[in-house]
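Topology and contacts: notes
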Amino acid sequence: TAIEARWGKTRPATPGEKMAYVPVLGRVLNAGKGDLPRGHELFKKHCATCHTLFGEGNKIGPDLTTADRKNREALLLNILDPSGYVRPEFVAQTAVLNDGRVLTGLVVESTGSENTLVDAKNQRTTVAREAIEQIEPSQQSLMPERLLETLAEQEVRDLFSYLQSN
């Protein structure tokens, strides 16, 4: 493409580059207090599509209620590098269909004749097994990277205030 010709190939950040962002976000979080109600709204908007916290949200990803939420560094690393470690029950599958479409999601139901995948937007797609050319585990988590980059610094504090609350 024209972009690659001028600037070279782009690639995702390496795990080391992501880890280097942890102290930067630590300073952002230490720069002020978060607002719990605004953090709750941010959780519902950005996280609850896949995660449950305090009984609210979906179960595409791990339930955050019992996660190590008080460990700020671990929480930051899991958000910054969601593909760094994915528990086996949450490994997404990539299905290449005979018609050329590619679907990625968790297989939430599998019968002798069809598979149902749910994607990162919580949309379910049921596909006949004979329509699947190939299906294999994805190297990428369903959780999007760069989530915190879309938030203002105060929003990051608000979200963490809620995520780390009791």
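Structure: see above.
Residues numbered from 1 in each chain as written. Predicted model: local features only at pLDDT ≥ 70, side-chain atom pairs only at ≥ 80, totals over all residues. Heavy atoms only, no water.

**Some points on helix 3 (residues 36-46)**
Put simply, the rule reads: Buried means the residue's accessible area, taken with a 1.4 Å probe over protein chains only, is under 20% of the maximum for its type, while exposed means over 50%, and partly exposed covers the values in between. The way it works is that DSSP assigns letters per residue, a run of H or I at least four long becomes a helix, a run of E at least two long becomes a strand, and they are numbered from the N terminus. What the arc measures is the spread of directions leading from the helix axis to the C-beta atoms. The contact rule is simple, with two residues in contact once any of their heavy atoms fall within 4.5 Å. Under this definition, polar contacts are N or O atom pairs within 3.5 Å; protein pairs additionally need one hydrogen-donor-capable and one acceptor-capable atom, and for neighbouring residues in sequence, both atoms have to be side-chain atoms.
Those residues of helix 3 not exposed but buried are Gly39, Leu42 and Phe43. Projected down its long axis, helix 3 shows its buried positions confined to an angular sector of 105°, all on one face. For helix 3, the exposed residues set more than 90 degrees away from the buried face come down to Pro37 and Lys45. In the core, the buried residues of helix 3 are packed alongside strand 1 (52-53), strand 2 (56-57) and helix 5 (153-163). Of the residues flanking the start of helix 3, the one acting as N-cap is Asp35, its side-chain oxygen 2.8 Å from the backbone nitrogen of Arg38.

**Thoughts on the pattern of salt bridges**
Selection rule: Here, a salt bridge means any Lys or Arg side-chain nitrogen found within 4 Å of an Asp or Glu carboxyl oxygen.
As enumerated under the stated definition, the model contains seven salt bridges in all. A salt bridge links Arg38 to Asp35; the nearest nitrogen and oxygen atoms lie 3.9 Å apart. Take Asp35: its relative accessible area is 25%, and that puts it in the partly exposed class. A salt bridge links Arg87 to Glu89, with the nearest nitrogen and oxygen atoms 3.0 Å apart. For Arg87, a relative accessible area of 36% translates into the label partly exposed. Residues joined in a network through salt bridges with shared partners are Asp35, Arg38 and Asp158.

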